[in-house]
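Here is how the chains run, residue by residue.
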Amino acid sequence: MLQAALFDMDGVIVNNRDAHLQAFDLFAKRYSIANFDPMSLLPYFGSTNEVIMKFVFGRDDIPADEVERLSQEKEQIYRDLYDPVMAPASGLVDLLETLRSAGVRIAVGSSAPRVNVDFVLERCRIARYFDAVACGSEISHSKPDPEVYLLAAKKLGVAPADCVVFEDAFVGMEAAHRAGAKVVALASTFTREMIEQRGGYDWLADNFHDVTLAGLQHLWK
């Protein structure tokens, strides 16, 4: 039964796909990475920065401390770009209110570093709705490994099988299913047609306005 809702952040809590793509484009230009196409990163959305940086630089041997430095640099570019226009995804706050009123526990389960999670929750003024945060700074394995969602469920004290996960990225949907949770796919980063073709979800919604408490509870019927 529905006891907890776990939200990915990028592309779910906020529709920030284009801000991240623009930030990576500026970052790649700074490092003179030839023929870099930001759109090539889309299959990696939902992964940790370690995975993404190795792809961007075409190397698997980047030391961990260098990955951290590069990641912080790129994320600062992203925050500078996105801060002036940031807003919670349409319909999100109403859903969070509904979930809290129904006694459903709520957590973030994101591959993003903690500084980005705090940045979004605080700027969007929605931190009060979340009982826990599990993020990329706390895990060893990137999505599609289920680690971040298992950690989020553990922090809430809820079995993963009683959680619903809101995801926009394919690696995230796979991670959620591997954790044993129900999955609501949001057509924000990828089109509805692409998600339908790929599968791997229990409910496909165009946005949070489509999501109801009754519909979520019905996922366990």
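In what follows, the structure referred to is the one given above.
Below you will find a few notes about this structure. Owing to the predicted nature of the structure, the values given are computational and were not obtained by experimental measurement.

A word on the pattern of salt bridges. Within this structure, the stated rule accounts for 17 salt bridges. For Arg 178, the salt bridge goes to Glu 174, with nearest N and O atoms at 3.9 Å. With Arg 178 and Glu 174 both in helix α7 (residues 170-179) and 4 residues apart, this pair spans about one turn of that helix. A relative accessible area of 48% means that Arg 178 is categorised as partly exposed. Glu 174 gets classed as partly exposed once you look at its relative accessible area, which sits at 36%.

Let's shift gears to helix α3 (residues 64-82). With 19 residues, α3 should reach 27 Å at 1.5 Å per residue; the first-to-last C-alpha distance of 26 Å fits that figure. Residues of α3 that are buried: Val 67, Leu 70, Ser 71, Glu 73, Lys 74, Glu 75, Ile 77, Tyr 78, Arg 79 and Tyr 82. In this fold, the buried residues of α3 make contact with α1 (17-30), α2 (49-57) and α5 (114-123).

Let us look at the sheet that holds strand β6 (residues 203-205). Pairing within the open sheet is parallel, and its 6 strands lie in the order β3-β2-β1-β4-β5-β6. Two strands lie at the open edges of the sheet, namely β3 (132-134) and β6, each paired on one side alone. When the angles between neighbouring strand axes are averaged without regard to direction, this sheet yields 25 degrees. Examined bridge by bridge, strand β1 (residues 4-7) and strand β2 (residues 105-109) share 4 bridges and lie parallel to one another.

Take the nonpolar core next. In this structure, Phe 7, Ile 13, Phe 130, Phe 166 and Leu 216 are the most contacted members of the largest nonpolar core, which totals 81 residues. For this core, the element with the most residues is α1, which contributes 6 residues. When neighbours within four sequence positions are excluded, Ile 13 is seen to be in contact with Phe 7, Asp 8, Ala 87, Pro 88, Ala 89, Leu 92, Val 108, Val 120, Leu 121, Ile 126 and Phe 130.

What counts and how
Note that residues are indexed from 1 along each chain, following the sequence as it is written. Given that this is a predicted model, residues contribute local features only at a pLDDT of at least 70 and side-chain atom pairs are listed and counted only at 80 or more, while totals for whole chains, interfaces and linings are drawn from all residues. Here the side-chain values reflect all heavy atoms present in the structure, with hydrogen atoms and water set aside. Any carboxyl oxygen of Asp or Glu within 4 Å of a side-chain nitrogen of Lys or Arg constitutes a salt bridge here. The numbering of helices and of strands both runs from the N terminus, where a helix is a DSSP run of H or I of at least 4 residues and a strand a run of E of at least 2. Only protein chains enter the accessibility calculation, which uses a 1.4 Å probe; a residue whose area is less than 20% of its type maximum is buried, one above 50% is exposed, and one in between is partly exposed. For a helix, the expected span equals 1.5 Å multiplied by the residue count minus one. In this description, contact between two residues means that some pair of their heavy atoms is separated by no more than 4.5 Å. In this analysis, strands are considered paired if DSSP registers two or more bridges between them. In this description, a line fitted to the C-alpha atoms serves as the axis of each element, helices being fitted only across the stretch in contact, and the angle between N-to-C directions of two axes falls anywhere from 0 to 180 degrees. As used in this record, nonpolar core signifies buried Ala, Val, Leu, Ile, Met, Phe, Trp, Tyr and Cys residues forming a set joined through side-chain atoms within 4.5 Å.

Just geometry here; none of it tells us what the structure is for.
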